[in-house]
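The chain contents come next:
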Amino acid sequence: MRQNTPPHRPDFDYENDEFLEEIELDGDPPADDDDELEMEEVTLSQLEARLGMQSDSDDAMDGNEDEEEENRIAAIRDDALITFRKHTAPVFGCHLHPRLDWAVTGSEDDRAYVWDTNNGEVLFEITDHKDTVTETHFSHDGCYLATGDISGELFVFKLNESQDDRSILYKVWEYSMLDMAWMFWHRAANVLLAGSDSGEVYVWRIPSGECKILPGHSARCEAGDLSGDGKKLLTAYTDGVVKLWDIKTCQVLMEVNNQHPLGFGEVSHIVVACEQNSPFYLCAEGGGKLLFCTNNGPVNVIQSEHLIECVAFAPSTTDLKLLACGSLEGQISIWDYSKYALRTVCESPVPFDGILRLKWLNDYTLLAATAQGKLNAFDARTGSLKFTLTGHLYHIYECAFKCEENCLLTVSEDNTAKVFKLPHLGE
């Protein structure tokens, strides 16, 4: 499953970045015949004293919080084999090459790097972007690399197999769309898909650039995922609408709008997932509502006790039909979706350590990336913790896993990317 919405980060309203506004008075204020109007100068500490504010205790509390944070960071054990430190801002996108020992990462510093996972050496730097790079993906066969930023600038590079040119990649395609919400490659073809803030979904054949557009309806296309057979695309929008598209014909096969009795209203956060072994689809909104659909429409709705940040179906090879949901409060609920029943709950070792990403490592091992920079692996059958990997200081925004090499790549708010070798997973 791909959840490609850029990470939730705090926004600050500075009224169009005008931090200070200068006001001029045309005339002097009227003066009393007997008294002059004077402005009394009051220091911050005097004002706090008059208002009964306890600045000393506030300062002490802030100092304690800072000390606790420093102690937390100092105690973090770094389990990573390699730490990539070239980025100068939070890192949002990452992917591993399917054949080579390469990683690609994209950051708020408007840069994407291709680098060697054995030693962290930079192999190629992409400087074409002028905004935060949130999407970085190698194609299914590793022949192409696509990068995209939040303003909608997309670039595709081809692996250079010529011995005459020292550059390992060269640009073969670029496109400017409206602000991008998500982007990913098709699993079995050199076809690139992307959703926009305006609601349109673009489908390009690479490198020709032949394009199909799945029309929007004036709402941001918040999430998208490819069906198991690779022929359909499930999309969800911020007005609560869910659509299943036939990619070849650009026709809507199934739609759930906000008038449907099982549908959503307007949502602030929504995610989707497709079961890879059958035409079975999930759409979940942040408030905890999970909507299950088939090609013919909705079949059931269940309500989670926890808010939902991310979801993931278990691999289709498992005997159990498992679905994981993660919350920003730190809970992971495991559902048996064949029965629409809650199976177990995995509790984070650290209370209220929000779950930002979920990834199945095998049939029954579920990895959770957290807001405090931890990687917790659980046995999804029992909810028990199998192991924890540490090294990041803050939010882990994305991770990529190469099963053949037991290699995990992660990126974080702390400006770094890390490569971990996972313990033996067993079943």
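## Overview of the overall build of the protein chain
Thought 1: A count of helical and extended segments in the protein chain gives two helices and 32 strands.
Thought 2: The 427 residues of the protein chain split such that 49% are buried.
Thought 3: Here the contacts in the protein chain between residues at least 6 apart in sequence split such that 47% fall between residues at least 24 apart.
Thought 4: In the form shown here, the protein chain has an accessible surface area of approximately 21,100 Å², with 47% of it arising from carbon and sulfur atoms.

## Focus on the pairing of strand 21 (residues 297–303)
Thought 1: In this structure, strand 20 (residues 289–294) lies alongside strand 21, joined through six bridges in antiparallel fashion. Bridging from a neighbouring strand, threonine 294 pairs with glycine 297 of strand 21.
Thought 2: The turn joining strand 20 and strand 21, which pair antiparallel and follow one another in sequence, is formed by two residues.

## Side note on the pattern of salt bridges
Thought 1: Within the structure shown, the criterion is met by 13 salt bridges.
Thought 2: A salt bridge links glutamate 69 to arginine 72, with the shortest nitrogen-to-oxygen separation between them at 2.9 Å. Of this pair, glutamate 69 and arginine 72 both sit in helix 2 (residues 55–74), three residues apart, which is roughly one turn of that helix.
Thought 3: The partly exposed category is assigned to glutamate 69, whose relative accessible area is 30%.
Thought 4: Glutamate 398 is the salt-bridge partner of arginine 357, the closest N and O atoms lying 3.4 Å from each other. Of this pair, arginine 357 sits in strand 26 (residues 355–360) while glutamate 398 sits in strand 30 (residues 396–402), and the two are 41 residues apart along the sequence.
Thought 5: A residue is classified by how much of its surface remains accessible, and arginine 357, at 9% relative accessible area, is buried.

## Some thoughts on the packing of aromatic side chains
Two aromatic rings, taken as a pair, are described by how far apart their centres are and by the angle between their planes.
Thought 1: Across all of its chains, the model carries 16 aromatic pairs by this definition.
Thought 2: Consider the rings of phenylalanine 92 and tyrosine 397, whose centres lie 4.8 Å apart with planes at 65°: the pair is edge-to-face. In this pair, phenylalanine 92 is assigned in strand 2 (residues 91–96) and tyrosine 397 in strand 30, connecting sequence segments 305 residues apart. Across the pair, exposure class does not vary: phenylalanine 92 and tyrosine 397 are buried alike.
Thought 3: Plain terms: the ring middles of tryptophan 173 and tyrosine 175 are 6.0 Å apart, the flat faces sit at 10° to each other, and that makes the pair stacked.
Thought 4: The partly exposed category is assigned to tyrosine 175, whose relative accessible area is 29%.
Thought 5: One aromatic cluster is present, formed by Phe280, Phe292, Phe313, Tyr337 and Tyr340 through successive ring pairs.
Thought 6: Between lysine 289 and the ring centre of phenylalanine 264, over which it is positioned, the NZ or CZ distance is 5.2 Å.
Thought 7: Note that arginine 381 overlies the ring of tyrosine 364, its terminal NZ or CZ placed 4.3 Å from the centroid.

## Observations concerning the sheet that holds strand 16 (residues 242–246)
Thought 1: Strands sit in the order 14-15-16-17 across an open sheet of four strands; the sheet is antiparallel. Each having just a single partner strand, strand 14 (221–226) and strand 17 (251–256) make up the two edges of the open sheet. Direction aside, the axes of adjacent strands within the sheet are offset by 20° on average.
Thought 2: Here strand 16 pairs with strand 17 via five bridges, running antiparallel. Bridge pairing in strand 17 places tryptophan 245 opposite valine 252.

## Regarding the confidence of the model for the protein chain
Thought 1: Averaged over all residues, the pLDDT of the protein chain equals 88, while 84% of them reach at least 70.
Thought 2: Low pLDDT (under 50) marks residues 1–5, which in the prediction has 28 contacts with non-local residues, meaning those over four places away or in another chain.
Thought 3: Across residues 8–39, confidence stays below pLDDT 50; counting only partners more than four residues off in sequence or on other chains, it has nine contacts.

## Digging into a negative patch on the surface
Thought 1: Negative charge collects at one region of the surface, where Glu65, Asp66, Glu67, Glu68 and Glu70 lie side by side.
Thought 2: Take glutamate 67: it is sitting in helix 2.

## Here we look at the sheet that holds strand 9 (residues 169–176)
Thought 1: In space, the four strands of this open sheet follow the order 6-7-8-9, with antiparallel pairing throughout. A strand with exactly one partner marks an edge of an open sheet, and here the two such strands are strand 6 (133–138) and strand 9. Between one strand axis and the next, the sheet turns by 15° as a mean value, whatever way the strands run.
Thought 2: Note: strand 8 (residues 153–159) against strand 9, seven bridges, orientation antiparallel. The residue bridging lysine 158 from the neighbouring strand is tyrosine 170, located in strand 9.

## As for the environment of tyrosine 237
Thought 1: On the secondary structure map, tyrosine 237 appears in strand 15 (residues 232–237).
Thought 2: The exposure class assigned to tyrosine 237 is buried, which follows from its relative accessible area of 0%.
Thought 3: In this structure the C-alpha to C-alpha distance between tyrosine 237 and serine 218, which are 19 residues apart in sequence, comes to 9.3 Å.
Thought 4: Once residues lying within four places of it in the same chain are set aside, the contact partners of tyrosine 237 are Gly199, Val201, His217, Ala219, Arg220, Cys221, Glu222, Lys243, Trp245, Val267 and Ile270.
Thought 5: Side-chain polar atoms of tyrosine 237 contact the side chain of threonine 235, separated by 3.0 Å.

## Let's talk about the pairing of strand 3 (residues 102–107)
Thought 1: Across the six residues of strand 3, six count as buried, placing the element largely inside the fold.
Thought 2: Bridging between strand 2 and strand 3 involves five bridges; their strand directions are antiparallel. Along strand 3, the bridge assignment pairs glycine 93 with glycine 106.
Thought 3: Taking the residues that link successive antiparallel strands as the turn, the strand 2-strand 3 hairpin has five residues.
Thought 4: In this structure, strand 3 lies alongside strand 4 (residues 112–116), joined through five bridges in antiparallel fashion. Residue pairing across strands places tryptophan 102 opposite aspartate 116, the latter belonging to strand 4.
Thought 5: The turn joining strand 3 and strand 4, which pair antiparallel and follow one another in sequence, is formed by four residues; a positive phi near 70° is taken by aspartate 110.

Cut-offs applied
- Residues numbered from 1 in each chain as written.
- Predicted model: local features only at pLDDT ≥ 70, side-chain atom pairs only at ≥ 80, totals over all residues.
- Heavy atoms only, no water.
- Helix = DSSP H or I, 4+ residues; strand = E, 2+ residues; numbered from the N terminus.
- Buried < 20%, exposed > 50% of the residue type's maximum accessible area, 1.4 Å probe, protein only.
- Contact = heavy atoms within 4.5 Å.
- Areas by Shrake-Rupley, 256 points an atom, 1.4 Å probe, with all protein chains shown as cover.
- Pairing = 2+ DSSP bridges.
- Salt bridge = Lys/Arg side-chain N within 4 Å of Asp/Glu carboxyl O.
- Phe/Tyr/Trp six-rings, centres within 6.5 Å; stacked < 30°, edge-to-face > 60°.
- Lys NZ or Arg CZ within 6 Å of the ring centre and 35° of its normal.
- Axes fitted to C-alpha atoms, helices over the stretch in contact; angles between N-to-C directions.
- pLDDT = per-residue confidence, 0-100.
- Patch = residues over 30% accessible without salt bridge, like charges linked within 9 Å, V, L, I, M, F, W, Y side chains within 5 Å.
- Lys, Arg positive; Asp, Glu negative; His and termini not counted.
- Charge placed at Lys NZ, Arg CZ, Asp CG, Glu CD.
- Polar contact = N/O pair within 3.5 Å; in protein donor to acceptor, adjacent residues only side chain to side chain.

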